[in-house]
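Descriptive structure summary
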Amino acid sequence: MLSTEIKYLFDTIWLTQMDIDKQFHYATRMWLRTGDEFYKQYLEGMKEWFFDKSFSLPTEFSSAWWKKMFMGKERAAMLEKYRLILFYTELLFYYRYAWYIYGIDKENLVKDIVSKEELMGYAQQLFADELAVATLSTYAVNFFYALDFYLTNTGYPWIWNVVEKVNNLRKVYASLSISSQWLEVYYLTHAIIGATDFYAKKIAPTDRLYYTQFLQRAEEIISTNYVSLKLDIKLEFLVCCRILGYASFLSSIIESECAVSLGNDGFLIDLYNIKRWKTPTTLAASEHRNVLYLLSQLDSFRYT
């Protein structure tokens, strides 16, 4: 079975060959989603590295760096406008991982850098800027859900209407001058994953209906733009289908594409999409794609 083979190779060979950030990315997703003690012990071995991190507000930003890093002037312009969003998201993810992985509360670390009021003000400004939210896509939605966890977990809940925002964004995406299908799908799928606290819990029964509607919208976009969307996007869609127990007609199509998308080294690369030449094929660049595939295929899931 393909997923069994890929998982075995990651767990026994490739995991230790990757940079430590990629190791942490892989192990956290696999442990939070499966509960496999192998990954928990691996993460325990990374504890000193994790808590040795330090954070301070960045003071300089390079316009050239944004454009090179994120490929496109429209997104680069929004990242310059909301230039703290990636730093805040990294800080909030650090808080969340410390809580979920290691059971340690890092609220004081976050508060020493930025107050809850400042974070809420920043989020409210961004939330009202629908063009920025649509263009930033994953960067915006990851920030919103990470902030929501932090505020709720520390007794300072932030009320925000994600359903209304998604409905409004559909109109914004239709009006964008740049190709927006992948941005919209990624926004929708990251919202679903965000609702699980990024693989740490079930989606509340009262929320499943509208998150399923998000998934159906993503299904519609993928089905009409299939060959123009990279494999990572389709696999994230499959993960969301698994999270919500949604049976999509696309599942077998995407899985068939995976079956013929192995690179020479044995992990999944993007071989059959129009812009595949833009997708790196190194192990480090392929880790995200492959862990998504595993999360969509493995039988042992803590939250289904």
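Residues numbered from 1 in each chain as written. Predicted model: local features only at pLDDT ≥ 70, side-chain atom pairs only at ≥ 80, totals over all residues. Heavy atoms only, no water.

Looking at the side chain of Ser248
Within the fold, Ser248 resides in the loop between helix H15 (231-244) and helix H16 (251-259). With residues up to four places along the chain from it excluded, the contact list for Ser248 reads Glu219, Phe237 and Cys241. (Helix = DSSP H or I, 4+ residues; strand = E, 2+ residues; numbered from the N terminus. Contact = heavy atoms within 4.5 Å.)

Things to note about the pattern of salt bridges
Per the stated rule, a full pass over the model turns up 14 salt bridges. One connected set of salt bridges, linked through shared partners, spans Arg170, Glu184, Arg217 and Glu220. (Salt bridge = Lys/Arg side-chain N within 4 Å of Asp/Glu carboxyl O.)

Here's the deal with helix H13 (residues 181-194)
Under the 1.5 Å per step criterion, the end-to-end length of H13 is 20 Å for 14 residues, consistent within 8% with the ideal 20 Å. Within H13, 12 of the 14 residues are buried, which leaves the element mostly enclosed by the surrounding structure. (Expected span 1.5 Å × (residues − 1). Buried < 20%, exposed > 50% of the residue type's maximum accessible area, 1.4 Å probe, protein only.)

A closer look at the nonpolar core
Formed by 111 residues in total, the largest nonpolar core has its most connected members in Leu126, Phe143, Phe144 and Tyr211. Of all the elements, helix H7 (residues 85-102) adds the most residues to this core, at 12 residues. When neighbours within four sequence positions are excluded, Tyr211 is seen to be in contact with Tyr145, Val162, Ala191, Ile192, Ala195, Ile203 and Leu244. (Core = buried A, V, L, I, M, F, W, Y, C linked by side-chain atoms within 4.5 Å.)

A look at H7
Taking 1.5 Å as the rise per residue, H7 with 18 residues should run 26 Å; its terminal C-alpha atoms sit 25 Å apart, in good agreement. In terms of residue burial, H7 counts as a mostly covered element, since 14 of its 18 residues are buried. Positioned one or two residues after H7, Gly103 has a phi angle of 65°, which is positive.

A short note on the packing of H7 against helix H9 (residues 116-128)
Packing of H7 against H9 leaves a shortest axis separation of 12 Å and a crossing angle of 125°. Between H7 and H9, the crossing angle belongs to the class labelled oblique. Note that H7 runs across H9; the crossing there is left-handed. The residues of H9 that touch H7, namely those facing Ile85, Tyr88 and Leu92, are Leu119, Tyr122 and Leu126. Partitioned by chemical class, the residues of the contact of H7 with H9 number six nonpolar, no polar and no charged. (Axes fitted to C-alpha atoms, helices over the stretch in contact; angles between N-to-C directions. Parallel < 35°, antiparallel > 145°, perpendicular 65-115°, else oblique. Left-handed = near helix turned anticlockwise from the far one by under 90°. Nonpolar A, V, L, I, M, F, W, Y, C, P; charged D, E, K, R; others polar.)

Regarding the packing of aromatic side chains
Under the counting rule described, the total for this entry stands at 32 aromatic pairs. When the ring of Tyr26 is compared with that of Tyr39, the centres are 5.9 Å apart and the planes differ by 75°; the resulting orientation is edge-to-face. Of the two residues, Tyr26 sits in helix H2 (residues 20-34) while Tyr39 sits in helix H3 (residues 37-44), which places them 13 residues apart along the sequence. Judged by its relative accessible area of 0%, Tyr26 is buried. Relative to Tyr211, the ring of Tyr210 has its centre 4.8 Å away and its plane inclined at 40°; by these criteria the two rings are tilted. Here Tyr211 falls in the buried class, since its relative accessible area comes to 4%. It is Arg96 that lies over the ring of Phe93; its NZ or CZ is 4.6 Å from the centre. Above the face of the Tyr150 ring, Lys116 is positioned so that its terminal group lies 5.7 Å from the ring centre. (Phe/Tyr/Trp six-rings, centres within 6.5 Å; stacked < 30°, edge-to-face > 60°. Lys NZ or Arg CZ within 6 Å of the ring centre and 35° of its normal.)

Description of the state of the cysteines
Here the structure, examined in full by the defined rule, presents zero disulfides. Unpaired in terms of disulfides, Cys240 finds its nearest cysteine sulfur in Cys241, a separation of 7.3 Å. Cys240 gets classed as buried once you look at its relative accessible area, which sits at 0%. Unpaired in terms of disulfides, Cys258 finds its nearest cysteine sulfur in Cys241, a separation of 13 Å. Given the relative accessible area of 0%, Cys258 is considered buried. (Disulfide = S-S within 2.5 Å.)

Points about the side chain of Arg217
Locating Arg217 in the fold gives a position in helix H14 (residues 208-224). Among all residues touching Arg217, those that are not within four sequence positions of it are Arg170, Glu184 and Leu188.

Regarding unusual backbone geometry
One non-glycine residue, Asp197, lies in the positive phi region at around 55°. Here Asp197 is to be found in the loop between H13 and H14. The exposure class assigned to Asp197 is buried, which follows from its relative accessible area of 8%. Phi is positive for Phe198, which is not a glycine, with a value near 60°. Along the chain, the position of Phe198 falls in the loop between H13 and H14.

Observations regarding the environment of Ile6
Its location among the elements puts Ile6 in helix H1 (residues 2-14). Relative accessible area serves as the criterion here: at 1%, Ile6 is assigned to the buried category. Not counting residues within four places of it along the chain, the set of residues in contact with Ile6 comprises Trp14, Leu262, Gly266, Leu268, Asn290, Tyr293 and Leu294.

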